[in-house]
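Examination of the molecular architecture
If you want the building blocks of each chain, they are given just below.
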Amino acid sequence: MRLIMIGPPGAGKGTQAARLGDRLGVPHISTGDLFRAHLKENTELGQQAKRYVESGGLVPDELTEAMVWDRLGRDDAKNGYVLDGFPRNLAQARSFERRLNETRTALSRAVYLRVPESELMRRLTGRWWCPECHATYHLASPAASKVCENCQTGLIQREDDRPETVKRRLRVYFEETAPLVDYYRDRGMVLEIDGGAPVDVVSRKLGQQLAEGGSR
Ligand code: AMP
C-alpha cells in the first residue's frame, strides 16, 4: 500500500504513520525526520535546509523533491510506504503525481487526520521527542521524567516546537498544506479520521477503514 498522511503539525501523523508502517510491513518515511537527520549530520542538504526547518518554513520544493525521490527509489519502498510530511503544498502534489505516473505506480489513499486548532497548540508546545528511536511524548509538566520509555535516551524538545515557531508552522499548514485535502478529495482518495481521539482509538479506526476500503 502507498499512503500519504495529511494533517496539521501535532495531529499525530508521525505516531500513526509509524504504527501503520509496522502493521503493513512498509517503511514509514518522514520528510521532517529526513531533514533533521541531514541537519544533525551537517550534510550539504542539511546546510541548505537548516534555516527553513528551524524557522518553521518549508524547504524549497526542488531540494525536498530530490530527497524524497531518492528515498522512494530505495529497495525497501518498492512494495509500498507510508509517507509522512510530503507532499506539503500543491506544487509538490503535482510533481508527485507526475513522478508516480512516470514510475507507473499509484497512491492507495491520502489519510487526513483532522484536529481542532485549539488542541494543536497545546499538543505541540508540550511535545518531547526521543532523538534515538524518534518516539514522541506529551509532557504537561516539564518536571516529569524526560527519559524515553523504549530506549532510556534523554528526551529533547524540537527547536521548532517553541511557541513562536509553532504559530508559524500552523500558519504555513493552513495556507500551503490544507488545500491538499481538496486536491486528493477531488481524486476520491481521502480517508478522513478524527485525529482528536486518543492515539489507540485513532489507530484502530484507521486500520479498520483502510481494511474496509481495500488496498487499491
Ligand atoms: P515535520 O517534522 O513534518 O513537522 O517537518 C519539520 C520541518 O521540515 C518543516 O517545518 C519543514 O521545514 C521541513 N519539511 C518537512 N517536510 C517538508 C516538505 N514536504 N516540504 C518542505 N519542507 C518540509
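Residues numbered from 1 in each chain as written. Predicted model: local features only at pLDDT ≥ 70, side-chain atom pairs only at ≥ 80, totals over all residues. Heavy atoms only, no water.

Overview of the site of the ligand
The environment of the ligand is formed by 17 residues, the closest being Thr31, Gly57, Gly85, Arg88 and Gln92. At 3.0 Å from an oxygen atom of the ligand is found a side-chain nitrogen or oxygen belonging to Arg36. The separation between a nitrogen atom of the ligand and a polar main-chain atom of Gly85 is 2.8 Å. A total of 480 Å² of accessible area belongs to the ligand in isolation, and the protein chains cover 96% of it. Put simply, the parts of the chain that give the shell around the ligand at least two residues each are helix 2 (31–41) and helix 3 (44–55). Here the shell around the ligand gets four residues from one element, more than from any other, and that element is helix 2. (Near = heavy atom within 4 Å. Polar contact = N/O pair within 3.5 Å; in protein donor to acceptor, adjacent residues only side chain to side chain. Areas by Shrake-Rupley, 256 points an atom, 1.4 Å probe, with all protein chains shown as cover. Helix = DSSP H or I, 4+ residues; strand = E, 2+ residues; numbered from the N terminus.)

Thoughts on the sheet that holds strand 1 (residues 2–6)
With parallel pairing, five strands are arranged side by side in an open sheet as 2-3-1-4-7. A single partner strand is all that each edge strand has here, and the edge strands are strand 2 (28–30) and strand 7 (190–194). Pairwise comparison of adjacent strand axes, ignoring direction, gives a mean angle of 20 degrees for this sheet. Examined bridge by bridge, strand 1 and strand 3 (residues 81–84) share four bridges and lie parallel to one another. When the sheet's bridge partners are listed, Ile4 is paired in strand 3 with Leu83. (Pairing = 2+ DSSP bridges. Axes fitted to C-alpha atoms, helices over the stretch in contact; angles between N-to-C directions.)

A few points about the packing of helix 7 (residues 163–177) against helix 8 (residues 179–186)
The contact between helix 7 and helix 8 brings their axes to 6 Å, and the two run at 30 degrees. On the side of helix 7, the interface is formed by Phe174, Glu175, Glu176 and Thr177, while helix 8 contributes Pro179, Leu180 and Val181. Across the contact of helix 7 with helix 8, the residue classes break down as four nonpolar, one polar and two charged. (Contact = heavy atoms within 4.5 Å. Nonpolar A, V, L, I, M, F, W, Y, C, P; charged D, E, K, R; others polar.)

Re the packing of aromatic side chains
The geometry of an aromatic ring pair is captured by two quantities: the separation of the ring centres and the angle between the planes. Within this structure, the stated rule accounts for five aromatic pairs. A centroid spacing of 5.7 Å and a plane angle of 90 degrees characterise the contact between Trp69 and Phe86, whose relative ring orientation is edge-to-face. Of this pair, Trp69 sits in helix 4 (residues 61–72) while Phe86 sits in the loop between strand 3 and helix 5 (90–102), placing them 17 residues apart in sequence. Overall, the relative accessible area of 17% leaves Trp69 in the buried class. Exposure remark for Phe86: the relative accessible area of 0% places this residue in the buried category. On the numbers, 5.1 Å between centres and 80 degrees between planes, the contact of Tyr173 with Phe174 is edge-to-face. The exposure class assigned to Tyr173 is buried, which follows from its relative accessible area of 4%. What links up through ring pairs into an aromatic cluster is the set Trp69, Phe86 and Phe96. Over the ring of Trp129 we find Arg36; its NZ or CZ atom is 5.6 Å from the centre of that ring. (Phe/Tyr/Trp six-rings, centres within 6.5 Å; stacked < 30°, edge-to-face > 60°. Buried < 20%, exposed > 50% of the residue type's maximum accessible area, 1.4 Å probe, protein only. Lys NZ or Arg CZ within 6 Å of the ring centre and 35° of its normal.)

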